[in-house]
Amino acid sequence: MSLKLFELLLKASLYTIGISLISILIGFAIAILLSGAMLSGRKFFSAPAQIFISFFRGVPLLVQLLLIYNLLPVIGINVPSIVAAIVGLSLCTAAYQAENLRGGFASVPRGLIESAEMVGFTPGQAFRRIKVPIALRLTFPALVNEAILILKASSLVSVVGIVELTRMAQDLAGSTFLPLEIFASAGLIYLVINLVVARAGGLIERSLPGIPR
Amino acid sequence: MSLPAIAVKNLVKQFGETTVLHGIDLDIPQGKVSCLIGPSGSGKSTLLRCMAFLEEATRGTITIDGEVLGFSESAQGVRERLPAATNRAIRSRIGMVFQQFNLWPHMTALGNVSEALKTVHKMSRKDAEDLAMAQLVKVGLESRAGHYPAQLSGGQQQRVAIARALALKPKIMLFDEPTSSLDPELTGEVLNVMRDLAAEGMTMVVVSHEIGFAATVGQQISFLDQGKLLFTGAPSDVFRKPRNPRLEQFLDTYLDRGASMLV
Amino acid sequence: MIFDVNVIFDQLPAILRGAGVTILLWIAATIGGAFFGFLVAVGRRYGGRLVNLPLGFCVEILRGTPFLIQIFLLYYGGPFIGLALDPVPAGLMGLTVYGAAYYSEIFRSGFAAIPVGHIEAAQCVGLTQGQIIRRILLPEMTMLVLPPSVNMAVIILKETAILSIITVPELTLTVSAIGSQQYAFVESLFLLALIYWALVEAAGRLGHLAETRLSRYRFSQS
């Protein structure tokens, strides 16, 4: 297998990274809203959030992507397929991240909020200064995990025609008749990206002060 | 006679069906160390938490320096929650030390002590940290100012927690089993800080299993059992001639040879 | 595009066949994955470095790459090394190996999480090595690994959909094919999503039921 082919795979992997990164960020923003709705204690907000999360965690991502890709034009939204792919990935990761955030907020020890109350914090101050930073730290490992899952899951956007790493590998394998080498190389690139993310996540986690492990 | 620092009147606390406190009446005198003792589940921690309004009493009132905290109650028993700002203002006279320290893990020792000065009292960063540092010096931890709670021993964490409470210049300090989650060899450093504080004339309410501390530092001892206040008096009355059979039984179990020699 | 409910009823046998393939693949891959995963975990724990390192290497590769790439490598690359498999066996093999990698990690942490004291206590009361494994280790491990195992089974159920890409005639392939024949693609995808949602919910509930059942059984034993 020539270096040229490997270069093409590497270039395509930038799409994989870009799509995953954007989806994780958008998913995080949606997850904040979802977990807020679930922790609001009001059925009016928590029930729809619950259904959203259950649906996007209960349906294979492939089916979600096909559905969104084909549904958007039908309801009059004509966007490039890459947008549909990012929408699909974002909604899916939002559901998982929302569960993480909810768990993180729920596991901030009650005593840490009580001690904030005792030194005169308003509930809002205690939320901003104590609860949010601790919950984010508690959920950080799960976020890194989710990032790796999404990097791998982004391979599925190949089915809606996005030429990211997997689709590029598929195209090249078809045209060169070197499927073994090409898919192994693609796998290697995924592996390296994921190792880097895991390592970087671990380093950041260790530099975050104070959450005992 | 001066106004009690804390006046507890007919305090009832129920968790669902179970009644944890059965109408407690207790005055905490100014400038003295009051100890609440009693077996596990006697309600002493709940009583302390009610004094700080961390628990809402079912009936009865808590009065701090003559001002009602939490809920006011009319003669007809109609309870009314006081505005949150009022409760915060009254509660600012109280400092609280928890069994589990409850230091914020994402802030250094200095950060823990200075946080409320900055966030609540809007002090400048420098002023807040200077004041916080002075408090850490007082508990002997100036060299640990930059450490995170996870890097400190239990005893050190509890001393930081005491410094955090003291930085806000409270008039009353509440201690909820401050040494119960410490290894035995670490309780001394915390008790010493508390002794110093008592010597300065701080009004203190201490829930503790440290009978020795209660006997030597305590000036008023209250014994609770099954949610009832069975006895309140001077330490000499409690430890020399216990008359209540439950108190006698309790002391037999808890009072080891060392503590009885102290008396 | 108006959804004709009759279309579903007309195609019901085909849909049920697809669902049957999905469920069979799922059950086979889950059981196979758990079985081989257990062997890998035992091998890595008791087999020494010579077994542990290469197995760990393989597990990391399988966990660090997308399932789709693995299945492409097996299905399209296999014939080049004399492993020319039809879609169904290729899909089953790929899914089983994929599951085994994750299950081996579940079992490994299950082994690691059993307190040494429990084994020491068993030794002190005179249990033999075999008795300790059967009476102490395995029951305790079942409790520890059951929740993540149920989780993994649900993940495998969802991954079966990916096998449609290599033309395994499972649910996703069947229903989307019907959809395009009937010019009702979006509707068929909605139906597909609902079927999976129901299957995953049912599997999750069943798993939780097993967890509570088993934990009650353990309590009565202890």
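Quick caveat, the model's predicted, so the values are computed rather than measured.

Asks: What is the right way to look at the overall build of chain A in this model?
Replies: Helix and strand counts for chain A stand at 8 helices and 0 strands. Secondary structure elements of chain A occur, N-terminal to C-terminal, as α-α-α-α-α-α-α-α. If one aligns the C-alpha atoms of chain A with their principal axes, the spans along those axes are about 70 × 45 × 25 Å. In chain A, which comprises 213 residues, the share counted as buried stands at 44%. Nonlocal contacts in chain A, meaning residues at least 24 apart in sequence, comprise 75% of its contacts between residues at least 6 apart.

Asks: It is not clear to me how the overall build of chain C should be interpreted in this structure. Could you clarify?
Replies: Summing up its helical and strand segments, chain C has 9 helices and 0 strands in all. Its helices and strands in sequence order give chain C the pattern α-α-α-α-α-α-α-α-α, from N to C terminus. The principal-axis extents of the C-alpha atoms in chain C amount to approximately 70 × 45 × 25 Å. Counting all 222 residues of chain C, 39% fall into the buried class. Partitioning the intrachain contacts of chain C with sequence separation of at least 6 by distance along the chain shows that 74% fall at a separation of at least 24.

Asks: So what exactly am I meant to see when it comes to the interface of chain A and chain B here?
Replies: How big an interface is tends to be stated in terms of the accessible area lost upon association of its parts. With 18 residues of chain A at the interface, the matching set in chain B holds 20 residues. Residue assignment for the side of chain A that touches chain B shows that the elements contributing at least two residues are α5 (110-118) and α6 (123-153) of chain A. With 6 residues, α6 of chain A is the single largest residue contributor to the side of chain A that touches chain B. Among the residues forming the side of chain A that touches chain B, the class breakdown is 10 nonpolar, 5 polar and 3 charged.

Asks: Explain the nonpolar core to me, please; I cannot follow it from the model alone.
Replies: Considering soluble globular proteins, one finds that nonpolar side chains tend to be buried as a cluster. If you look at the biggest cluster of nonpolar residues, it comprises 192 residues, and the most contacted ones within it are V63 of chain A together with M51 and L174 of chain B. No other element matches the 12 residues that helix α4 (residues 81-106) of chain A contributes to this core.

Asks: Would you mind showing me how to read the interface of chain C and chain A here?
Replies: On the chain A side, the residues contacting the 29 residues of chain C number 28 residues. When residues of the side of chain C that touches chain A are traced back to their parent elements, those giving at least two are α3 (49-64), α4 (67-77), α8 (171-181) and α9 (185-221) of chain C. In terms of residues, the side of chain C that touches chain A owes the most to one element, α9 of chain C, which gives 10 residues. Broken down by class, the residue content of the side of chain C that touches chain A amounts to 22 nonpolar, 5 polar and 2 charged.

Asks: Hey, could you run me through the UniProt feature "transmembrane region" (unreviewed entry) in chain A in this one?
Replies: Residue and element names in this part refer to chain A. UniProt tags residues 12-39, 51-69, 75-96, 138-162 and 182-204 as "transmembrane region" (unreviewed entry). Taken end to end, residues 12-39 is 100% helix and 0% strand, and its first and last C-alpha atoms sit 40 Å apart. Helix and strand shares over residues 51-69 are 89% and 0% respectively, and the end C-alpha atoms of the span are 21 Å apart.

Asks: Help me understand the UniProt feature "transmembrane region" (unreviewed entry) in chain C, please; the structure alone is not making it clear to me.
Replies: Residue and element names in this part refer to chain C. UniProt tags residues 23-43, 55-75, 81-103, 144-168 and 180-199 as "transmembrane region" (unreviewed entry). In residues 81-103, the share of helix is 74% and the share of strand is 0%. The end C-alpha atoms are 27 Å apart. Counting secondary structure, residues 180-199 comes out at 85% helix and 0% strand; the distance between its end C-alpha atoms is 23 Å.

Asks: Any chance you could explain the UniProt feature "domain: ABC transmembrane type-1" (unreviewed entry) in chain A here in plain terms?
Replies: Those residues carrying the UniProt feature "domain: ABC transmembrane type-1" (unreviewed entry) are residues 9-201 of chain A in this numbering. Span residues 9-201 of chain A is 84% helix and 0% strand, its end C-alpha atoms 25 Å apart.

Asks: What should I look at first to understand α3 of chain C in this one?
Replies: For an α-helix, 3.6 residues make a turn, and residues three or four places apart therefore share a direction. Between its first and last C-alpha atoms α3 of chain C spans 22 Å; for 16 residues at 1.5 Å apiece the expected length is 22 Å, and the two agree. Elements in contact with the buried residues of α3 of chain C: α8 (179-207) of chain A together with α2 (12-46), α4 and α5 (87-113) of chain C.

Asks: Mind showing me how you'd approach the sheet that holds strand β11 (residues 220-225) of chain B here?
Replies: Backbone hydrogen bonds are what pair the strands of a sheet, in a parallel or an antiparallel way. All names here are of chain B. A sheet is described by the order of its strands in space; here 6 strands give the open sequence β8-β9-β10-β3-β11-β12, paired in mixed fashion. Each of the sheet's edge strands pairs with one partner strand only, and the pair in question is β8 (94-97) and β12 (228-233). Ignoring strand direction, the axes of neighbouring strands in this sheet form an average angle of 15 degrees. As defined by bridge partners, β11 adjoins β12 across 5 bridges and the pair is classed as antiparallel.

Asks: Even after reading the chapter, I still don't get the pairing of strand β2 (residues 18-28) of chain B, so can you show me in this structure?
Replies: In the case of a regular strand, side chains alternate between the two sheet surfaces. All names here are of chain B. As paired strands, strand β1 (residues 6-15) and β2 are joined by 8 bridges and run antiparallel to one another. By the bridge assignment, Q14 is partnered in β2 with T19. Remark: 2 residues form the turn of the hairpin made by β1 and β2, two consecutive strands paired antiparallel; G16 in that turn has positive phi of roughly 60 degrees.

Cut-offs and rules
Residues numbered from 1 in each chain as written. Chains lettered and ligands numbered in written order. Predicted model: local features only at pLDDT ≥ 70, side-chain atom pairs only at ≥ 80, totals over all residues. Helix = DSSP H or I, 4+ residues; strand = E, 2+ residues; numbered from the N terminus. Buried ≥ 20, exposed ≤ 12 C-beta atoms within 10 Å, placed from the backbone. Contact = placed C-beta atoms within 7 Å. Nonpolar A, V, L, I, M, F, W, Y, C, P; charged D, E, K, R; others polar. Core = buried A, V, L, I, M, F, W, Y, C linked by C-beta atoms within 7 Å. UniProt positions renumbered as here; feature names shortened; annotations may be inferred. Expected span 1.5 Å × (residues − 1). Pairing = 2+ DSSP bridges. Axes fitted to C-alpha atoms, helices over the stretch in contact; angles between N-to-C directions.

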